[in-house]
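Overview (structure and organization)
Each chain is listed here by its residues.
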Amino acid sequence: MRFLKKIGENVVEYSGPALGAPHWYTGLGWTAYDGALPLSRLDIADGAVVELPEPPPAPVLVSKLALKRKLEELDLWAAFKTALENGGYWEDFTLANRLSTGDADFQSALTALSSLSAELDVDALLAACPWEG
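Residues numbered from 1 in each chain as written. Predicted model: local features only at pLDDT ≥ 70, side-chain atom pairs only at ≥ 80, totals over all residues. Heavy atoms only, no water.

**Description of the side chain of Arg-41**
Checked against the element boundaries, Arg-41 lands in the loop between β3 (31-33) and β4 (42-45). It turns out Arg-41 is buried and unbridged, and the closest side chain with the opposite charge, Glu-54, is 4.4 Å from it. At a separation of 3.5 Å, a polar atom in the side chain of Arg-41 contacts the main-chain carbonyl oxygen of Pro-53. Excluding its chain neighbours within four sequence positions, the residues that come into contact with Arg-41 are Val-50, Glu-51, Leu-52, Pro-53, Glu-54 and Pro-55. (Helix = DSSP H or I, 4+ residues; strand = E, 2+ residues; numbered from the N terminus. Buried < 20%, exposed > 50% of the residue type's maximum accessible area, 1.4 Å probe, protein only. Lys, Arg positive; Asp, Glu negative; His and termini not counted. Salt bridge = Lys/Arg side-chain N within 4 Å of Asp/Glu carboxyl O. Polar contact = N/O pair within 3.5 Å; in protein donor to acceptor, adjacent residues only side chain to side chain. Contact = heavy atoms within 4.5 Å.)

Rendered as structure tokens:
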């Protein structure tokens, strides 16, 4: 059993000497929690521990040049470029320093890309094109 308390905006876990029975902790304002989530995924509201949803994954930053070269290897660059032009994203693509999966327009471009080839693993492609800035 873990005992938690909210101090300001932070949830902290009791780490002092063992006090014994749970009522000793709760008498000092600690709330019992027997789950396994890290403190970053917990809150305390109205005297109860609240398990927070998992945060969305951080955006992946992608090198434009590496992406272009990988797509050329897969013989998909011309089709991807055309999809960017038709979608009205070509100018943004050329002006961007790097690409981010957090960008709605790039997400649209990735959707178009995945429709060009059923065998294409877009996540693996992006992992092979990291931005190293």
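**Some details on the pattern of salt bridges**
The full count for this structure, using the stated rule, is 3 salt bridges. Here Glu-13 ties to Arg-2 by a salt bridge, and the two come within 3.1 Å at their closest N and O atoms. Placement of the pair is Glu-13 in strand β2 (residues 10-13) and Arg-2 in strand β1 (residues 2-7), with a sequence separation of 11 residues. Overall, the relative accessible area of 32% leaves Glu-13 in the partly exposed class. Across the pair Lys-68 and Glu-72 runs a salt bridge, and its minimum N-O distance is 2.4 Å. Here the residue Lys-68 and the residue Glu-72 both occupy positions in helix α2 (residues 64-73), the gap between them amounting to 4 residues, near one helical turn. A residue is classified by how much of its surface remains accessible, and Lys-68, at 26% relative accessible area, is partly exposed. A residue is classified by how much of its surface remains accessible, and Glu-72, at 40% relative accessible area, is partly exposed.

**Some remarks on the nonpolar core**
Proteins that are soluble and globular tend to have nonpolar side chains buried together. By size, the foremost hydrophobic cluster in this structure holds 18 residues, and its most contacted members are Val-62, Leu-67, Leu-71, Phe-80, Phe-106, Leu-113 and Leu-125. Mapped onto this core, the elements with two or more residues apiece are α2, α3 (77-86), α5 (104-116) and α6 (122-127). Here this core gets 4 residues from one element, more than from any other, and that element is α5. Excluding residues that lie within four positions of it along the chain, Leu-67 makes contacts with Val-62, Phe-80, Leu-99, Phe-106, Leu-125 and Cys-129. With 6 residues, the next largest nonpolar core counts Val-11, Tyr-33, Leu-37 and Ile-44 among its residues. (Core = buried A, V, L, I, M, F, W, Y, C linked by side-chain atoms within 4.5 Å.)

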